[in-house]
Amino acid sequence: ALFYIDYSDLQISSAPPAPLITAIVANAAKATSKGVELQLAAALTENLSAELGYGYNKPSFGKGSVDSGLDRFCVAGLCNNNVEGKILTRTSQHTLSASATWSNNLVGDWNYFLRTDVRYQSKQYTRSNNLQWIPGRTLVNARLGFTRGDSLEISFWAKNLFDKKFPSVAIAQPQFNDELVLFVTNTATGERRTFGLTAKYNF
């Protein structure tokens, strides 16, 4: 699949009307996104199936896009608030996913399956001027399930199987101290290894 998306009135930080001084969110930016998505699914054997997917996406701010919220960050001429051509925040340009599922009969009308999937996503910018970002990450999930006909499924699952530590958000904020400007990074971590049990019944 090939796609092209044209955004108008995109929400972005903007200068407020006087006498207010706090930045406001306004529908004041433009952006375009173009990319490709590829997916392949195959039955390798009677019991083993696999899927592979890749996505490329490059959403960038359009002409005349200005992020007034950067004015506090771009002190001492470190940068400016013109974000034209910059990549949108919280988006990965590359994603890659792969999965494999083994299924077989257990006993009677009971079947079982074992599935594992791996997902990679490239770095994401956390500010619209693309000077801050969180690194890419690869996470592995797994699921062991038991089914009875088309009505009942019981599965044990694990997310982030190898308990990878990664930041989900990281933003450096300026801290002023006399004439010295320091930047302190505030972060939030992503979900650590999680186990669960799910039961579904279709009526």
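Definitions and cut-offs
- Residues numbered from 1 in each chain as written.
- Predicted model: local features only at pLDDT ≥ 70, side-chain atom pairs only at ≥ 80, totals over all residues.
- Heavy atoms only, no water.
- Helix = DSSP H or I, 4+ residues; strand = E, 2+ residues; numbered from the N terminus.
- Rg over C-alpha atoms; globule rule 2.2 N^0.38 Å.
- Buried < 20%, exposed > 50% of the residue type's maximum accessible area, 1.4 Å probe, protein only.
- Contact = heavy atoms within 4.5 Å.
- Areas by Shrake-Rupley, 256 points an atom, 1.4 Å probe, with all protein chains shown as cover.
- Lys, Arg positive; Asp, Glu negative; His and termini not counted.
- Charge placed at Lys NZ, Arg CZ, Asp CG, Glu CD.
- Core = buried A, V, L, I, M, F, W, Y, C linked by side-chain atoms within 4.5 Å.
- Pairing = 2+ DSSP bridges.
- Axes fitted to C-alpha atoms, helices over the stretch in contact; angles between N-to-C directions.
- Salt bridge = Lys/Arg side-chain N within 4 Å of Asp/Glu carboxyl O.

A. Just the overall build of the chain, in detail. Looking only at helices and strands, the chain features zero helices and 12 strands. Order of helices (α) and strands (β) in the chain, N terminus to C terminus: β-β-β-β-β-β-β-β-β-β-β-β. The C-alpha radius of gyration computed for the chain amounts to 23 Å, which surpasses the reference 17 Å derived for 203 residues by more than 25%, pointing to a less compact arrangement than a globule. Its C-alpha atoms give the chain principal-axis dimensions of about 75 × 40 × 30 Å. The 203 residues of the chain split such that 29% are buried. Put simply, 57% of the contacts in the chain that link residues at least 6 apart link residues at least 24 apart. Only carbon and sulfur atoms are counted for the fraction: they give 56% of the accessible area of the chain, which is about 13,300 Å². Averaging the positions of the 20 positive and the 16 negative side-chain charges in the chain gives two centres separated by 4 Å.

B. Examining the nonpolar core more closely. The biggest cluster of nonpolar side chains holds 11 residues, and these are Leu10, Ile12, Ala29, Ala31, Phe61, Leu70, Phe73, Cys74, Cys79, Val83 and Leu88. Only strand 1 (2–14) and strand 2 (24–43) provide two or more residues apiece to this core. Beyond its immediate stretch of four places on either side in the chain, isoleucine 12 contacts Ile24, Val25, Ala26, Ala28, Ala29, Phe61, Val66, Asp67 and Val83.

C. Seen up close, the sheet that holds strand 9 (residues 152–159). Taken in spatial order, the eight strands make up an open sheet running 1-2-3-4-5-8-9-12, and their pairing is antiparallel. Each edge of the open sheet carries a strand with a single partner, namely strand 1 and strand 12 (194–201). On average, adjacent strands in this sheet sit at an angle of 20° to one another, irrespective of strand direction. Note: strand 9 against strand 12, eight bridges, orientation antiparallel. Residue pairing for strand 12: phenylalanine 156 is matched across the bridge by leucine 197.

D. Representation of the pattern of salt bridges within the structure. The final tally for this structure, using the stated rule, is two salt bridges. Residue aspartate 163 is joined to arginine 192 by a salt bridge in which the shortest nitrogen-to-oxygen separation is 2.9 Å. Of this pair, aspartate 163 sits in the loop between strand 9 and strand 10 (167–177) while arginine 192 sits in the loop between strand 11 (180–189) and strand 12, and the two are 29 residues apart along the sequence. In this structure aspartate 163 comes out as partly exposed when scored by relative accessible area, which is 22%.

E. Examining the side chain of asparagine 160 more closely. Looking at where asparagine 160 falls in the secondary structure, it is placed in the loop between strand 9 and strand 10. Assessed through its relative accessible area of 4%, asparagine 160 is described here as buried. With near-sequence residues (within four places) excluded, asparagine 160 lies in contact with Leu139, Val140, Asn141, Phe166, Glu191, Arg192 and Arg193.

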